[in-house]
Amino acid sequence: MLSVDALTFPAFFSTSTLLNTLALSILVFVLYTIKFYVSYFNRDNALPGPLPLPIVGNLLQYAMYGDMVVWAHTLRKKYGDMWELYMGSERHVWLSRADLVDKLFSSSTKSNYKHRTNWKRALAEIKMLDHGVVLNRDLDLWAFNRRMMRLVMTSKEFNNYVIKTVPKMINEMETYWTKLRCIEDARQNDLKDNTNKHATVSNDKIINISDWFHALTLDDILYLSTSRSGCALASLLLSHSPNSEIPYSPETMNYAKEFRDRWTTFMETLRTAIFMPDFIRLGTPNGLMKRRKYLKNFHCLTNNLSTIIRETRAEVENGVNDSKNNCDILRLLLVANTHRGPTVKRGSDEIDMPMSDDEVRGVLLETWVGAVETSASLMCYVVYLVCRNPEVKEKIREEVDPLFKDNPNGILQLDDVNKKLDYLEAVIKEASRLYPPSPINQRVATQDDEIGGYKWKAGTQFILDVYGIQNHRAHWSNPEEFKPERFLSKDIVPYSIQTFGGGLRLCPGKQYAMLFSKIVLASLYNRYDIELANENEKPKTAYKLTLYCDRLRVKLKKRSE
Ligand code: HEM
């Protein structure tokens with residue numbers, strides 16, 4: 001007969017079994033820890049770096065520090081130009097001096113560093129490893145998508161579309177600033193008080209220019225890629241002044257908001273996929289809940305995008321909105337390899353098939369991943385550094401003002417932006433040296449190789465410490481100083497500036513990003529005096545795959561004639 005105890009507590013949960021299980025778990029953990037540290041202390045090429053913990057590696061230290069860029073800065077100071085970290089169980093070799101990345105930036109088609117990352121389940125789930133460009137591990141498809149993207153973004157049609165479109169968006173932003181009354185008229189100020197030109201402006205005139213630049217960049221890239229409105233600027237206006245009039249219908253606003261929300265969640269998904277190890281993502285209730293939410297969002301976002309692509313393909317095939325007027329990225333991608341557009345080879349294939357909807361979707365999504373946070377944050381850093389260096393602002397104006405003279409609609413010529421704004425370009429490059437929008441880059445060795453005097457196995461993950469390299473004393477004199485003139489000279493150490501990366505995976509949006517930033521900054525410096533709301537306040541930054549500028553509070557004053 002069964003005892004009452006046995007009925008109440010099944011054998012599995014009996015105290016002694018529980019104790020046995022606990023003891024066994026402790027034993028397994030102790031053995032695992034011993035094995036972990038034995039192999040850690042006997043690893044090949046033991047580089048300096050913080051001591052990792054079993055399973056989590058250095059993730060806990062990272063979590064305690066909070067910001068990868070700041071943490072890396074302290075580690076680099078302590079460990080030198082070549083050091084290591086463990087993200088979970090994956091070993092990362094950090095390279096913090098320009099000459100160390102030489103091979104990683106090889107432009108040879110035989111390069112050993114065509115891959116950015118190793119295979120990761122979280123990235124595979126959101127189709128980043130076999131679609132698009134940024135993390136695509138299918139090298140034939142990556143090369144084809146990349147060629148397509150570059151072809152489109154460097155085409156004359158697209159660049160002319162940019163030149164026409166960006167000023168309209170800037171005007172929209174300025175109209176909203178006027179509605180919010182956040183532009184001060186410097187002329188009135190001068191009349192009121194000639195002795196106090198820097199009188200404090202009331203708080204309601206202070207704007208967080210980071211919000212506006214992010215909205216502008218998002219609207220801009222959505223329009224340039226699909227000829228559809230993102231309404232991010234209008235939505236920002238409404239968040240400050242809910243009753244303001246805007247030029248969009250409620251339906252357009254709602255559709256755009258849903259799209260932007262999905263996009264924001266997608267960026268969160270990507271960050272989590274890169275930083276959160278699978279034992280948390282798949283092994284904890286919170287991780288699993290987030291994963292479900294992210295995957296649902298990803299499917300909705302791709303469905304929305306597929307609809308846009310299908311509709312546009314039908315328009316292109318029926319000759320509606322002919323591509324002479326709308327030269328957006330989507331249309332240009334769709335016509336390539338058809339009788340309407342140029343031919344782009346697919347690897348060694350005989351037939352140059354047009355892109356499928358699925359392929360276009362991957363490229364479009366990554367255009368937004370690449371473009372928004374990087375360009376918006378970079379413009380914030382320019383504004384901040386120029387505010388701190390008023391002599392630079394004067395030099396920018398010497399270059400910019402003549403281009404707007406007798407040019408009432410504010411539309412610049414493509415040739416002028418490309419050829420007559422060298423100083424502004426140097427300012428942007430110098431800002432990106434001090435505040436690199438992509439402060440960390442990655443490559444994986446496909447075969448065994450030698451880097452920094454050590455032999456590494458295929459699969460080794462290298463981290464390019466862009467921030468460290470761009471501020472390294474071996475490459476830059478007084479690296480902490482903001483001196484745009486550095487970029488007017490040709491005397492720059494190879495790979496010491498990596499704003500857009502290098503080698504075979506160099507950023508395909510580089511030319512567009514420069515064009516866009518130059519148009520926006522030239523227009524603003526021509527029309528406004530931008531001052532920091534508080535002279536001692538630095539931009540608030542956070543590392544979110546990009547060096548994201550979260551807050552930069554400024555005052556805008558209309559320039560006196
Ligand atoms: C200021 C703006 C931008 C910065 C600082 C920036 C920076 C970078 C960097 C550092 C890389 C890695 C390059 C490498 O691994 O060598 C990269 C790659 C990439 N960027 Fe950009 N980017 C910017 C704008 C854009 C724009 C506007 C687009 C698209 C419209 C774009 C699309 C991409 C893509 C698709 C890749 C992956 C390339 C590959 O792996 O083959 N980026 N970007």
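Per an unreviewed UniProt entry, the chain goes by the name 1512_t:CDS:1 and belongs to Paraglomus brasilianum. The annotation that UniProt attaches to the chain under Cofactor (unreviewed entry) is "heme".

1. Structural notes on the overall build of the chain
Within the chain one finds 20 helices and 12 strands. The C-alpha radius of gyration of the chain comes to 26 Å, within 12% of the 24 Å expected for a compact globule of 561 residues. Overall, the chain is about 95 × 60 × 60 Å in size when its C-alpha atoms are taken along their principal axes. Relative to its full complement of 561 residues, the chain shows a buried share of 37%.

2. Some details on the domain arrangement of the chain
Under the domain assignment, the chain is made up of domain 1 (1–35) and domain 2 (139–558). Each of domain 1 and domain 2 has a C-alpha centre, and these two points are 56 Å apart.

3. Points about the UniProt feature "binding site: heme" (unreviewed entry) in the chain
Here, the residues flagged by UniProt with the feature "binding site: heme" (unreviewed entry) are Cys507. As for its placement among the helices and strands, cysteine 507 is situated in the loop between helix H19 (466–470) and helix H20 (510–527).

4. Section: the pairing of strand E1 (residues 82–87)
With respect to burial, E1 is a largely interior element, five of its six residues being buried. Summarising the sheet, E1 and strand E2 (residues 90–95) pair through six bridges and their orientation is antiparallel. Along E2, the bridge assignment pairs methionine 82 with leucine 95. The turn joining E1 and E2, which pair antiparallel and follow one another in sequence, is formed by two residues; a positive phi near 65° is taken by glycine 88.

5. Description of the packing of helix H18 (residues 422–434) against H20
The N-to-C vectors of H18 and H20 enclose an angle of 110°; their axes lie 10 Å apart at closest approach. Between H18 and H20, the angle is such that the two are roughly perpendicular. In this structure, H18 uses Leu424, Glu425 and Ile428 to contact H20, whose residues at the interface are Met514, Ser517, Lys518, Leu521 and Ala522.

6. Concerning the site of the ligand
The environment of the ligand is made up of 26 residues, and the closest members are Gly370, Ala371, Gly501, Cys507 and Gly509. Contributions of two or more residues to the shell around the ligand are made by helix H15 (357–388) and H20. Take the shell around the ligand: its biggest share by element is seven residues, from H15. Partitioning the shell around the ligand into residue classes produces 11 nonpolar, 11 polar and four charged.

7. Focus on the environment of aspartate 465
Among the secondary structure elements, aspartate 465 is positioned in strand E8 (residues 461–465). It is 39 Å that separates the C-alpha atoms of aspartate 465 and asparagine 337, two residues lying 128 residues apart in sequence. Among residues more than four places away in sequence, those in contact with aspartate 465 are Ala72, Arg76, Trp94, Leu95, Ser96 and Ile440.

8. A closer look at the packing of helix H7 (residues 156–179) against H20
Where H7 contacts H20, the axes come no closer than 10 Å and their chain directions differ by 35°. Between H7 and H20 the crossing geometry is right-handed. Contacts between H7 and H20 pair Asn159, Val162, Val166, Pro167 and Ile170 from the former with Tyr512, Leu515, Phe516, Ile519, Val520 and Ser523 from the latter. Among the residues making up the contact of H7 with H20, the classes are represented as nine nonpolar, two polar and no charged.

9. What to know about the confidence of the model for the chain
On average, the chain scores 92 in pLDDT, and the residues at 70 or more come to 93%. In the predicted structure, residues 1–7 sits below a pLDDT of 50 and forms two contacts with residues beyond four places in sequence or in another chain.

10. A few points about H18
Taking 1.5 Å of rise per residue, the 13 residues of H18 would be expected to cover 18 Å, and the 19 Å separating its terminal C-alpha atoms lies within 8% of that figure. Of all the positions in H18, only Leu424, Ala426, Val427, Ile428, Lys429, Glu430, Ala431, Ser432 and Arg433 are classed as buried. If you follow the buried residues of H18, they end up packed against H15, helix H16 (390–404), H19 and H20.

11. Re helix H9 (residues 209–226)
Across its 18 residues, H9 extends 25 Å between first and last C-alpha, which sits within 8% of the 26 Å expected from 1.5 Å per residue. With 16 of 18 residues buried, H9 is to be regarded as a mostly interior element. Positive phi appears at serine 227, one or two residues downstream of H9, with a value of about 60°.

12. Focus: the sheet that holds E2
With mixed pairing, four strands are arranged side by side in an open sheet as E1-E2-E8-E5. Two strands bound the open sheet, and with one partner strand each, they are E1 and strand E5 (440–444). For this sheet the average axis-to-axis angle between neighbouring strands, irrespective of direction, equals 30°. Taken together, the four bridges between E2 and E8 define a ladder with parallel strand orientation. Bridging across to E8, tryptophan 94 finds its partner in isoleucine 463.

13. Regarding the environment of phenylalanine 487
The residue phenylalanine 487 is located in the loop between H19 and H20 in this model. Distance from phenylalanine 487 to alanine 426, taken between C-alpha atoms, is 5.2 Å for residues 61 residues apart in sequence. Here phenylalanine 487 is in contact with Ala426, Lys429 and Glu430, once residues within four sequence places are set aside.

14. Looking at the pairing of strand E11 (residues 547–551)
Relative to E11, strand E10 (residues 540–543) runs antiparallel, the two sharing four bridges. Of the residues in E11, the one forming a bridge with tyrosine 543 is leucine 547. Two successive antiparallel strands, E10 and E11, enclose a turn made up of three residues, where leucine 545 displays a positive phi of approximately 80°.

What counts, and where the lines are drawn
Residues numbered from 1 in each chain as written. Predicted model: local features only at pLDDT ≥ 70, side-chain atom pairs only at ≥ 80, totals over all residues. UniProt positions renumbered as here; feature names shortened; annotations may be inferred. Helix = DSSP H or I, 4+ residues; strand = E, 2+ residues; numbered from the N terminus. Rg over C-alpha atoms; globule rule 2.2 N^0.38 Å. Buried ≥ 20, exposed ≤ 12 C-beta atoms within 10 Å, placed from the backbone. Domains from an automatic or database assignment. Pairing = 2+ DSSP bridges. Axes fitted to C-alpha atoms, helices over the stretch in contact; angles between N-to-C directions. Parallel < 35°, antiparallel > 145°, perpendicular 65-115°, else oblique. Contact = placed C-beta atoms within 7 Å. Near = placed C-beta within 6 Å. Nonpolar A, V, L, I, M, F, W, Y, C, P; charged D, E, K, R; others polar. Left-handed = near helix turned anticlockwise from the far one by under 90°. pLDDT = per-residue confidence, 0-100. Expected span 1.5 Å × (residues − 1).

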